[in-house]
Amino acid sequence: MKVLATIWKEFLLLIRDPGGLALIFIMPMALVIVMALIQNNTFREFQETRIDVLFVDEDRNTLSGNIEGSLQASPNIHLIKTESGKPLTREAARQLVQRGDYQAAIIIPPQATVALRGKTKQAVDELFAYYGFGPAILANESPAVELQLLFDPAIKANYKQALTSAVEKMVTGVQAEWLTDTIQEQFGGTEPKKKIKIDFSGMIHVNQMIAAENTLSGLAVNAVQHNVPAWSMFAMFFILFPLAGNFIKEREEGSMLRLRLISGSQFPVISGKFIFYLFVCLLQLVSMIGVGLYVMPIIGLNKLALGTNGLGVVLTGLTVAMAATGYGLLIAVYFRTPQQALSFGSISVVILAALGGVWVPTFAMPQIMQSISPYSPLNWGLEAFNDLFLRNASTSVILPDLVKLLCFSLVTLAASVLIYKSRTVS
Amino acid sequence: MSNAPIIRVSALTKVYQGSLKPAVDQLSFSVTEGEIFGLLGPNGAGKSTTLMMLCGLLKIGAGTIQVFGLDVDREGAEIRRQIGVAPQDIALFPNLTARENLVYFCRMYGLKSHAIHGVVHHYLEAFGLLDKANMRVSHFSGGMKRRLNLIAALLHHPRLLVLDEPTTGVDVQSRNMILDYMKKLRLEGVTILYSSHLLEEAEKLCSRFAIIDEGRLIAAGTLAEMLDANGGGENLEQLFLHLTGKGIRD
């Protein structure tokens, strides 16, 4: 009864505090939307590594046609062949890359097809002559065919590597095809109908799969998948603002003194506040997930994927809410003035959030920060949410994180009760 | 009603951390059941410190306080169940209405749900606040807040009422209402420990007094006893000035 009365009292106080309500519900929703929009490109860059590449075709033959076709088919590369409606020239491409307008250019020199075919035929002739199937060939060391890749100095190393590999792979493919054609021709198969077409691409498949516990999701992290759980937790830990603010205000206004004068009111006061703000934290999470599910797609972002483990999501939300409320309560009872509590509380939450991977995902942090990150309760929550949303993890997988959050919550709650009791009689 | 002391303060001493001078120094007095007892003294005399120790909000340095025969240090929770305290500062939730404040405190006192409405209605009516029951306390005048502050101490029908400056900053009408209600409570057998600066008010209200200064007891008894023991005088104020001097206190 006393606990329920305290919960009701807290409810009345909160609904009469428009600023507090905005801080709890409106601000976090605005924050998660803004952060997801801002980080959307960054995450897409991470996931898609799609870049604009200038393509200068001075060859205008099979080799350049094959390379162009393959690059056009690549989802990570956008080929640009013209500038102001005119075909790109070598010099124009060089200038555009030099100015930093584009990060890379591929230049296929004139006669590249002819030269490569010549080199291929020469190699086959030498092979046949060596094994006595044809006349001895005089070595004619023609220079290697030189494709040029121009890069902006500021290009990321992984882009550079990816583009170089892609071009090399394509040239190798063309070369292999021409090699078999030439060998067949040497054996007399000059008629196209008699030639065997060997599909090199079918010899080996490299499958890309997401290592999830089951294959229903197979999602990669994106701005919505990262920002919704991350900023939800940030907002939940910011519950300390209304919690500590109200607590200290009650102490300063004297109503807390009245409660201290009432026998047996200490436990209901603390537990009533804890339960009420725990519920508020859960409401925050539900509203933020709602934003991820229904608002994000409207503004052109991905829809939040929740995975398939509903129980896991509920348990994670509950333990994160407990940890956030426990921490807020500890700040509330420990500090004597709102200035101290709110300054320390907000800075500490920002630090815990940064360490936990809320601002920047842990995998993008320097090594030293990655080693500190697992000590932040926000990291435990975020890891659990990522396991659930992205990897479809079972509850047993997230259990260690949940236990850590629960322990954190119990420790902060116990410390709050002890400090509150010790200050009841000073 | 018996003449047994309901409060017995013996050699009570309190030195605050970082202070060399005791705030309360070897203070002893007793309060009999059913009386209104005035605890008087200038600013910084140690009145509030004494009341806070009596209510169990401050640890006793040395000496003892017994209330209803129970030791404050060891049985504070049981004592608090039977006392009502109206602190000097308003101890209410400003963003709740008068009724919401009182209902909440009733629940915290452990009153049964079916009794709460009646109790709250009774006191709001008795203190002239019934028509303001649904107004937030932040919109109340000083006098209305004082009355509500006193009601909050009465909700659980305490045997002992501790009032620290209950009429500070209130208008004459509110003061009269509070004083009349205190007299009514006395008739009902409630013991009142009353602390105030307002000596004229104390003289009219209290049957016995303890005057303290710099933490020490300097006079105790009825007004007549104190006047006799200290060379006469006309009233409590003259006696008070005679005992505590005319120097301004911090």
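Residues numbered from 1 in each chain as written. Chains lettered and ligands numbered in written order. Predicted model: local features only at pLDDT ≥ 70, side-chain atom pairs only at ≥ 80, totals over all residues.

A. Structural view of the overall build of chain B. Per the secondary structure count, chain B includes nine helices and ten strands. Here the C-alpha radius of gyration of chain B, 18 Å, is about what a compact globule of 250 residues would show, namely 18 Å. Each principal axis of the C-alpha distribution contributes one length, and for chain B these read about 55 × 40 × 40 Å. Evaluated residue by residue, chain B yields a buried proportion of 44% over its 250 residues. (Helix = DSSP H or I, 4+ residues; strand = E, 2+ residues; numbered from the N terminus. Rg over C-alpha atoms; globule rule 2.2 N^0.38 Å. Buried ≥ 20, exposed ≤ 12 C-beta atoms within 10 Å, placed from the backbone.)

B. Examining the overall build of chain A more closely. For chain A, the helix and strand inventory stands at 15 helices and six strands. In chain A, buried positions account for 37% of the 426 residues. The long-range share in chain A, meaning contacts at least 24 apart out of those at least 6 apart in sequence, stands at 81%. (Contact = placed C-beta atoms within 7 Å.)

C. Structural context of the packing of helix α7 (residues 223-237) of chain A against helix α11 (residues 310-334) of chain A. All names here are of chain A. Running from N to C, α7 and α11 point in directions that differ by 35 degrees, and their axes come no closer than 8 Å. Here α7 contributes Met233, Met236 and Phe237 to the contact with α11, which in turn contributes Val320, Ala321, Ala324 and Tyr327. Grouping the constituent residues of the contact of α7 with α11 by class yields seven nonpolar, no polar and no charged. (Axes fitted to C-alpha atoms, helices over the stretch in contact; angles between N-to-C directions. Nonpolar A, V, L, I, M, F, W, Y, C, P; charged D, E, K, R; others polar.)

D. Just the interface of chain B and chain A, in detail. Taken together, the contact between chain B and chain A spans 25 residues of the former and 21 residues of the latter. In terms of residue count, the dominant contributor to the side of chain B that touches chain A is helix α3 (residues 98-109) of chain B (six residues). Among the residues forming the side of chain B that touches chain A, the class breakdown is 17 nonpolar, two polar and six charged.

E. Just the sheet that holds strand β8 (residues 191-196) of chain B, in detail. All names here are of chain B. The six strands are arranged β6-β7-β8-β3-β9-β10 in an open sheet whose pairing can be described as mixed. With partners counted over all chains shown, the strands left at the sheet margins are β6 (83-86) and β10 (216-221), one partner each. Averaged over all pairs of adjacent strands, the angle between strand axes in this sheet comes to 15 degrees, irrespective of strand direction. (Pairing = 2+ DSSP bridges.)

F. Representation of unusual backbone geometry within the structure. All names here are of chain A. A positive phi angle is found at Arg60, which is not glycine, with a value near 50 degrees. Tracing the sequence through the fold places Arg60 in the loop between β1 (51-57) and α3 (62-73). Using a count of 14 C-beta atoms within 10 Å as the deciding quantity, one classes Arg60 as partly exposed. Of note, Gln111 is a non-glycine position whose phi angle comes to about 65 degrees, a positive value.

G. Inspection of the nonpolar core at higher detail. Residues Met236(A), Phe237(A), Ile239(A), Leu240(A), Leu155(B), Val162(B) and Tyr194(B) are the most contacted members of the largest nonpolar core, which totals 149 residues. It is α11(A) that provides the largest number of residues to this core, a total of twelve residues. Apart from the residues lying within four places of it in its own chain, the contact partners of Phe237(A) are Ala324(A), Tyr327(A), Val349(A), Leu352(A) and Leu378(A). With 25 residues, the next largest nonpolar core counts Val53(A), Leu63(A), Tyr102(A) and Val174(A) among its residues. (Core = buried A, V, L, I, M, F, W, Y, C linked by C-beta atoms within 7 Å.)

H. Representation of the sheet that holds strand β1 (residues 5-14) of chain B in the model. Residue and element names in this part refer to chain B. Taken together, the four strands give an open sheet; going across it, the order is β2-β1-β4-β5, and neighbouring strands pair in antiparallel fashion. Edge positions in the sheet fall to β2 (24-32) and β5 (70-71), since each has one partner strand and no second. Direction of pairing for strand β4 (residues 62-67) relative to β5: antiparallel, over a ladder of two bridges. The residue bridging Val67 from the neighbouring strand is Leu70, located in β5. Its contacts with the sheet place helix α1 (residues 47-54) against β1, β2 and β4, and it is angled at close to 120 degrees to β1.

I. Examining the confidence of the model for chain B more closely. Residue and element names in this part refer to chain B. Averaged over all residues, the pLDDT of chain B is 89; the fraction at 70 or higher stands at 96%. Looking across chain B, the model is least confident in helix α9 (residues 236-244), with a mean pLDDT of 81, and most confident in α3, with 95. Per the prediction output, this complex has pTM 0.74; the corresponding ipTM is 0.86. (pLDDT = per-residue confidence, 0-100.)

J. Layout of the pairing of strand β7 (residues 160-164) of chain B. Residue and element names in this part refer to chain B. Taking burial as the measure, the five residues of β7 include five buried ones, the bulk of the element. Burial along β7 is two-sided: the residues Leu160, Val162 and Asp164 and Leu161 and Leu163 are all buried. Judged from the four bridges that link them, β6 and β7 form a sheet pairing that is parallel. Opposite Ile83, over in β7, you have Leu160 as the bridge partner. With respect to chirality, the unit in which β7 leads through helix α6 (residues 172-187) into the neighbouring parallel β8 is right-handed. (Right-handed = clockwise from strand over helix to strand, strands pointing away.)

K. Representation of the environment of Val124(A) within the structure. Residue and element names in this part refer to chain A. Relative to the helices and strands, Val124 is located in helix α5 (residues 112-130). Take Val124: there are 20 C-beta atoms within 10 Å of it, and that puts it in the buried class. With 58 residues separating them along the chain, Val124 and Thr182 place their C-alpha atoms 6.9 Å apart. Apart from the residues within four sequence positions on either side, Val124 is in contact with Leu179, Thr182, Ile183 and Gln186.

L. Focus on helix α8 (residues 240-253) of chain A. Residue and element names in this part refer to chain A. The end-to-end C-alpha distance of α8, which contains 14 residues, comes to 19 Å, matching closely the 20 Å that a straight helix rising 1.5 Å per residue would cover. Counted residue by residue, α8 has ten buried out of 14 residues, so it is predominantly covered. Buried residues of α8: Leu240, Phe241, Pro242, Leu243, Ala244, Gly245, Asn246, Phe247, Ile248 and Glu250, and no others. Count one or two residues on from α8 and you reach Gly254, which has phi positive near 100 degrees. (Expected span 1.5 Å × (residues − 1).)

M. Representation of α1(B). All names here are of chain B. Burial within α1 is extensive, with seven of its eight residues counted as buried. Of the residues making up α1, those classed as buried are Lys47, Thr49, Thr50, Leu51, Met52, Met53 and Leu54. Immediately downstream of α1, the backbone of Gly56 shows phi near 80 degrees, a positive value.

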